[in-house]
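Fold and contact review
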Amino acid sequence: MGSNTSFVADLLASIAERGRTLLDRSHRVNGATRVETLAERCQTLLSGRGEASGVALAADILDRYAHMKTGESIAFFEVLAEKFGPDSERLAAAIEAYGRNSPSAVADLHRASEPRRQELFRRFNLAPGGTLSLVRMREQLMEAMVRRRDLAEVDRDFAHLFSSWFNRGFLVLKRIDWSTPANVLEKIIRYEAVHAIRDWDDLRARVDSPDRRCYAFFHPALVDEPLIFVEVALMKESPGAIFPILDPARPILRPQDATTAVFYSISNCQKGLAGVSFGNFLIKQVLDEIARELPALTTFVTLSPVPGFRKWLDAERRADESLVLSAADRKALEALDAPDWAEKPEVREELAGVLAPIAAYYFLAARTPKGAPVDPVARFHLGNGARLERINPMGDLSPKGIAQAAGLMVNYRYTPADIEKNHEAFAGKGAIVASPQVRKLLKVDPASRALVPVT
């Protein structure tokens, strides 16, 4: 992949560089003028020119966009939304032909209904580094959409194209270890989103220890940019807390002595690829990879954060009435308001007994308005075919773990023979496959919720 990708990249760069001489490179100072000029160049790019000048023009547009200020980039997105939708005249003609039952009407209507933005983005993609530039452009669009939902049509076009360009068939799984290029290792440190990597020593402990593994998906157009990566600990049993996994002084386990593979951190690296699913493919492929390498492994579990639990719990505590919290629970949970509660063993022990059944309700019965589990990590793993295996109060007593989940962590178990069945139960019926020990924690009658019995 490397040599071919390098050759193509060099060839495109050469074409772009030769074509730049054909273009007017005068940058104008006024922001509105810069946006207008960029829009004109986009129209020119769509009108079709020679290959060299087309690649160069695409590179020039992306370069000019990269130097825009935030307000200018939003104005450019507005132009994309307003002026680069479907060609109205062509669409009207296609609709009329469809009404006459023209033989090619359906195909013509499909082509005419495609926003011109999509073809524009395809031509941007021909520029050297165009794919990454487009991913970064969507990042900025998504930031703008927090206040500008009217730009959603542009975002949908990005998502549509990215779902094809980053199809699983194009992705390459690579193991990350100490021989991985330093620029990629630096990005692993920067992109780690679950358990921050403190320094290079911490990174080495995670990717170079005999009982640790790290795998990432890459795309041929983004050779030095991981898309998503997962960190794995090889252990003798399922863990209930994160500290023993991250402890720099932990004893090292020989891989051949391990029976359990623990997926303890999954990090998406590219915000601009939000909505493009990589994680389900990554976990299943890594599971297969590790199982082939170490046949003695019998258990595959996660040790997962619960990022929405504390917010949900605080809302239940503020509510005048709660289906899950008793008066005794409310009183016990007041301990969470003390800043140093996690440092007191007796407080931790009491809270653990209170939080476990509340967490069982959170996972098994609490729902979003659309009927899905409220926790995003739960939706991800259950949708992948995992089983909710164990609830671990006090699993993460880091400041982040306390702030997001009152210390709570959870294990999901992946049993290869059951993954498809579990996925179908969740996707088709919204049923949550949970272990008996989790279901026994639930104090509130979940009669209205679908729980799948596990034998």
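The shown structure was predicted, so the numbers you read here are calculated from the model rather than taken from an experiment. (Residues numbered from 1 in each chain as written. Predicted model: local features only at pLDDT ≥ 70, side-chain atom pairs only at ≥ 80, totals over all residues. Heavy atoms only, no water.)

1. Examining the overall build of the protein chain
What counts is decided by this rule: Numbering goes from the N terminus for both helices and strands, where a helix is a DSSP run of H or I of at least four residues and a strand is a run of E of at least two. Method for areas: the Shrake-Rupley scheme with a 1.4 Å probe, in which residue coverage is limited to the protein chains shown.
Check the secondary structure of the protein chain and you find 20 helices and ten strands. Here the protein chain displays about 22400 Å² of accessible surface, and carbon together with sulfur accounts for 53% of that area.

2. Things to note about the pattern of salt bridges
Applicable threshold: The rule for a salt bridge is simple: a side-chain nitrogen of Lys or Arg has to be within 4 Å of a carboxyl oxygen of Asp or Glu. Exposure classes here rest on a 1.4 Å probe applied to the protein chains alone. A residue is buried below 20% of its type maximum, exposed above 50%, and partly exposed in between.
Scanning the model with the defined rule gives 32 salt bridges in all. The partner of Glu119 in a salt bridge is Arg123, and the shortest N-O contact between them spans 2.9 Å. Remark: Arg123 and Glu119 occur in helix α7 (residues 116-124); sequence separation between them is four residues, near one turn of the helix. In this structure Glu119 comes out as partly exposed when scored by relative accessible area, which is 28%. Among the salt bridges present, the one from Asp155 reaches Arg138, with a minimum N-O distance of 2.8 Å.

3. Some points on the side chain of Thr260
Just so we agree on the cut-off: For this analysis, a polar contact is any N or O atom pair within 3.5 Å, provided that within protein one partner can donate a hydrogen and the other can accept it, and provided that sequence-adjacent residues contribute only side-chain to side-chain pairs.
Turning to its location among the elements, Thr260 is positioned in strand β4 (residues 260-268). At 3.4 Å, the side chain of Thr260 and the side chain of Thr259 are in polar contact.

4. Notes on the nonpolar core
The nonpolar side chains of soluble globular proteins are, as a tendency, buried together. Threshold: The term nonpolar core refers to a set of buried residues drawn from Ala, Val, Leu, Ile, Met, Phe, Trp, Tyr and Cys, joined through side-chain atoms within 4.5 Å. Only heavy atoms matter for contacts: two residues are in contact if any of them lie within 4.5 Å across the pair.
If you look at the biggest cluster of nonpolar residues, it comprises 105 residues, and the most contacted ones within it are Phe124, Phe166, Phe309 and Phe363. With eleven residues, the top contributor of residues to this core is helix α16 (residues 345-364). If sequence neighbours within four positions are ignored, Phe363 has contacts with Val306, Asp375, Ala378, Leu388, Ile391, Leu408, Val410, Tyr412 and Ile432. In terms of nonpolar packing, the next biggest core, distinct from the first, is built from 13 residues, Tyr191, Ala216, Phe218 and Cys269 among them.

5. Structural notes on the environment of Met409
By the secondary structure assignment, Met409 is in strand β8 (residues 409-413). Owing to a relative accessible area of 1%, Met409 belongs among the buried residues under this scheme. For the pair formed by Met409 and Leu303, sequence separation is 106 residues and the distance between their alpha carbons is 6.7 Å.

6. Topic: the pairing of strand β7 (residues 387-392)
The test is simple: For two strands to pair, DSSP has to find at least two bridges joining them.
Burial of β7 is extensive: five of the six residues sit out of reach of the surface. Here β7 pairs with β8 via five bridges, running antiparallel. By the bridge assignment for β8, Ile391 is matched with Val410.

7. As for helix α19 (residues 419-429)
To keep it simple, the criterion reads: The directions from the helix axis to the C-beta atoms form the arc being described.
Taken as a whole, α19 has its buried residues at Ile419, Asn422, Ala425 and Phe426. Buried positions in α19, seen along its axis, are confined to an arc of 135 degrees and lie on one side of it. Exposed and oriented more than 90 degrees from the buried face of α19 are Lys421, Ala427, Gly428 and Lys429. Positioned one or two residues after α19, Gly430 has a phi angle of 75 degrees, which is positive.

8. Looking at the environment of Leu323
Residue placement: Leu323 occurs in the loop between α14 (309-318) and α15 (327-333). Residue Leu323 is classed as exposed on the basis of its relative accessible area, which comes to 69%. Considered as a pair, Leu323 and Tyr361 are 38 residues apart in the sequence and their alpha carbons are 9.4 Å apart.

9. Regarding the confidence of the model for the protein chain
For the record, the criterion: How sure the predictor is of each residue is captured by pLDDT, a score from 0 to 100.
When pLDDT is averaged along the protein chain, the result is 90; 90% of the residues meet or exceed 70. In the predicted structure, residues 20-28 sits below a pLDDT of 50 and forms 22 contacts with residues beyond four places in sequence or in another chain. Counting contacts from residues 448-455, a segment whose pLDDT is below 50, to residues more than four positions away or on other chains yields 22 contacts.

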